[in-house]
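Descriptive analysis of the structure
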Amino acid sequence: MRIVVRAHDARVARDAQATLGAAGVVAQALAGPYRPAPEGEDVAIIPVVDPDAANSLASALQSSPQAPLAVLAGYSQCNAPPFALDAPTIFQGAISLDAPPKLANAQVKACLRLAVARDERERRGATVAEHGLAPPKALEPRPLKVLYIGAPNAMFLTLERAFTERGGGVTAAFSSYAGFDHLHDDVFDAVVLNGVQDSATALALCSALRRNASLCLLPTMFIAAQGDAKTADTAIERGAASVVVATEPYEANLGWLFEAIRQDRKRRAVEHDLRGFRDLVSEPRTGLFKRGAFDAHLMRLAVDHHASGRPLSLAALRVLPAHGARQPSEDDWKRGFSEISSLAARLIRECDSGAAIGQDFIAVAMPATRLAGARRTAERIASVAECTAFASGEGGVGPLVFEQSAVELQPGESGAGMLARALHALNLESIPA
């Protein structure tokens, strides 16, 4: 993704660029009034030194014909966004430019993920409308809910007051076991881990959340003991979105937690819409696009990515019985291939679009993704599918192998041409020597 740091002052832009670079985020610096970025622009980051100047620059960006997918505000760690779920702002999100590198990198990645998903939602809406279908219902708003896990602490009352004043509430779980029971039984906007009395358990919980597929993006605040800088740093390394040091001012850190909650709520809403649009044009059993809808959507993807200059990649897999395995019956093969297709649909991102091609091919289109990303996706699907029970002999299918191909959209290439190139590579590779 092409990230551009913009500011009227050249020194401010360069300093922000260097800070992001230290966090592993490659960005171009562009100073002065708005002008199009020479190499294109997917995301703009504007350091907020003078709020009026930053808002003016953001407005010019968003009203331009080459508007980026997202315009982000760059604040300092001690100058956080407001405590609110619907804070009015011209920006699509905010990041902390002087946050620890791991945290700053995570904030940028979250904003990029949301920007790509939001862009894909617009395309899927157009594809669904082209098929004469009504859009799905939007995600219904729900009350703000936060889970506190750990020993009783005075910070709990502070959190409870902050969230209650904004129409929400805090649920307390004073053990890790009770906490995970709550997380699996209900939906929370964030989790607060008290690491003052037992930092090891709280850190272990922080890591466990990152390893859980359904909870890995859940915003997490960590409460560290006074003077325990090592634990605070470790919490950030393990995915905490905000760290509060007990007995110290908490307002800025709570503001960053609210920003993480806002971004995560937007992500959930967009992914709900993406699934809804997909379900309208997909095979009910597999969750993959029907072939006609996939071809139409791939054409739209190619047109949009040519216009924006963003990369578009496609992975293709051919499913075959393993060498020497018994050839399954037609019914067994259809059932097994359907299960593999369903598995593939669950292994790709919400913004990716997949389809079954014939009786043995699966194609996955990935917006804003380079060739290496398509190869990783193909490898992930093949690796998981080869290890599943139905691919190991149950149901009469027998052991399977997956031939893989990945391509990236070339200048002037159509979506159909891109798909044909990926499938042609598989056909050639499958010819015996």
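See the structure shown above.
An account of the accompanying structure is given in this report. The model shown is predicted, which means the values in this text are computed figures rather than measured ones. (Residues numbered from 1 in each chain as written. Predicted model: local features only at pLDDT ≥ 70, side-chain atom pairs only at ≥ 80, totals over all residues. Heavy atoms only, no water.)

Digging into the overall build of the chain
Summing up its helical and strand segments, the chain has 12 helices and 14 strands in all. Taking 22 Å as the expected radius of gyration for a compact globule of 433 residues, we find that the chain reaches 24 Å, a close match to that expectation. Taking the principal axes of its C-alpha atoms as reference, the chain extends roughly 70 × 55 × 45 Å. The buried share among the 433 residues of the chain stands at 50%. Partitioning the intrachain contacts of the chain with sequence separation of at least 6 by distance along the chain shows that 71% fall at a separation of at least 24. For the chain, the accessible area works out to roughly 19600 Å², and carbon and sulfur atoms hold 55% of it. Distance from the positive charge centre (44 side chains) to the negative charge centre (48 side chains) of the chain: 2 Å. (Helix = DSSP H or I, 4+ residues; strand = E, 2+ residues; numbered from the N terminus. Rg over C-alpha atoms; globule rule 2.2 N^0.38 Å. Buried < 20%, exposed > 50% of the residue type's maximum accessible area, 1.4 Å probe, protein only. Contact = heavy atoms within 4.5 Å. Areas by Shrake-Rupley, 256 points an atom, 1.4 Å probe, with all protein chains shown as cover. Lys, Arg positive; Asp, Glu negative; His and termini not counted. Charge placed at Lys NZ, Arg CZ, Asp CG, Glu CD.)

Description of the nonpolar core
The biggest cluster of nonpolar side chains holds 26 residues, and the ones touching the most others in it are L147, I149, L183, V191, L193, F222 and V243. Within the residue set of this core, elements represented by two or more residues are α3 (101–130), β6 (145–149), α5 (176–185), β8 (190–194), α6 (199–211), β9 (220–224) and α7 (229–237). With 5 residues, α6 is the single largest residue contributor to this core. Each residue touching F222, except ones within four places of it in the same chain, is listed here: L193, G195, S199, A202, L203, T231, A235, A240, S242, V243 and V244. Listed in part, the 24 residues of the second largest apolar core include V281, A293, L314 and V407. (Core = buried A, V, L, I, M, F, W, Y, C linked by side-chain atoms within 4.5 Å.)

Side note on the packing of α5 against α6
Running from N to C, α5 and α6 point in directions that differ by 25°, and their axes come no closer than 11 Å. Overall, the two elements α5 and α6 adopt an arrangement that is roughly parallel. Viewed along their axes, α5 and α6 form a crossing whose handedness is right-handed. Of the residues in α6, those in contact with S176, F180 and L183 of α5 are T201, L205, A208 and L209. (Axes fitted to C-alpha atoms, helices over the stretch in contact; angles between N-to-C directions. Parallel < 35°, antiparallel > 145°, perpendicular 65-115°, else oblique. Left-handed = near helix turned anticlockwise from the far one by under 90°.)

Topic: the side chain of S64
In this structure, S64 sits in the loop between α2 (51–62) and β4 (70–75). Using a relative accessible area of 11% as the deciding quantity, one classes S64 as buried. A distance of 3.1 Å separates polar atoms of two side chains, one belonging to S64 and the other to Y34. (Polar contact = N/O pair within 3.5 Å; in protein donor to acceptor, adjacent residues only side chain to side chain.)

Points about the sheet that holds strand β14 (residues 400–408)
Reading across from one edge, β12-β13-β11-β14 is the order of the 4 strands in this open sheet, with antiparallel pairing throughout. Of all strands in the sheet, those with a lone pairing partner are β12 (353–357) and β14, marking the two edges. Looking at each pair of strands side by side, their axes are set apart by 20° on average, direction ignored. Relative to strand β13 (residues 361–367), strand β11 (residues 312–321) runs antiparallel, the two being bridged by 7 bridges. Bridge pairing in β13 links R318 to F361. On the sheet, helix α9 (residues 291–308) packs against β11, β12 and β13 and is oriented at approximately 30° with respect to β13. (Pairing = 2+ DSSP bridges.)

Here we look at the sheet that holds β8
The strand order β7-β6-β8-β9-β10 describes an open sheet built from 5 strands, whose pairing is parallel. At either margin of the open sheet sits one strand with a lone partner, and together these are β7 (169–173) and β10 (242–245). The average undirected angle you get between the axes of adjacent strands in this sheet is 20°. In terms of strand pairing, β8 meets β9 through 4 bridges, oriented parallel. By the bridge assignment for β9, L193 is matched with F222. The strands touched by α5 within the sheet are β6 and β7, with β6 carrying the most contacts at an inclination of about 160°. The strands touched by helix α8 (residues 251–280) within the sheet are β8, β9 and β10, with β10 carrying the most contacts at an inclination of about 155°.

A closer look at the pairing of strand β1 (residues 3–7)
The buried fraction of β1 amounts to 5 of the 5 residues, a majority that puts the element mostly inside the structure. A two-sided burial pattern is seen for β1, the buried positions comprising I3, V5 and A7 on one face and V4 and R6 on the other. By the bridge criterion, 3 bridges tie β1 to strand β3 (residues 43–47) in an arrangement that is parallel. From the neighbouring strand, V5 faces β3, where its bridge partner is I45. Here β1 pairs with strand β2 (residues 28–31) via 4 bridges, running parallel. Considered in β2, the bridge of V5 is made with A29. For the crossover that starts at β1, traverses helix α1 (residues 10–22) and ends in the parallel β2, the hand is right-handed. (Right-handed = clockwise from strand over helix to strand, strands pointing away.)

Some remarks on unusual backbone geometry
Unlike most non-glycine residues, A368 shows phi in positive territory, near 50°. A relative accessible area of 18% places A368 in the buried class.

Quick notes on the pairing of β3
Within β3, 5 of the 5 residues are buried, which leaves it mostly tucked inside the rest of the structure. The alternating pattern of β3 places V43, I45 and P47 and A44 and I46 on opposite faces, both of which are buried. With 5 bridges joining them, β3 and β4 adopt parallel strand pairing. Looking at β4, one finds that I46 is bridged to A73. Viewed along the sheet, the connection from β3 through α2 into β4 turns out right-handed.

Some words on helix α11 (residues 371–387)
The end-to-end C-alpha distance of α11 is 25 Å, a good match for the 24 Å that 17 residues give at a rise of 1.5 Å each. Regarding α11, the residues found buried are G373, A374, T377, A378, I381, A382 and A385. Across the axial projection of α11, the buried residues extend over an arc of 165°, all falling on one side. Summarising the geometry of α11, the exposed residues directed more than 90 degrees from the buried face are R375, R376 and C387. (Expected span 1.5 Å × (residues − 1). Arc of directions from axis to C-beta.)

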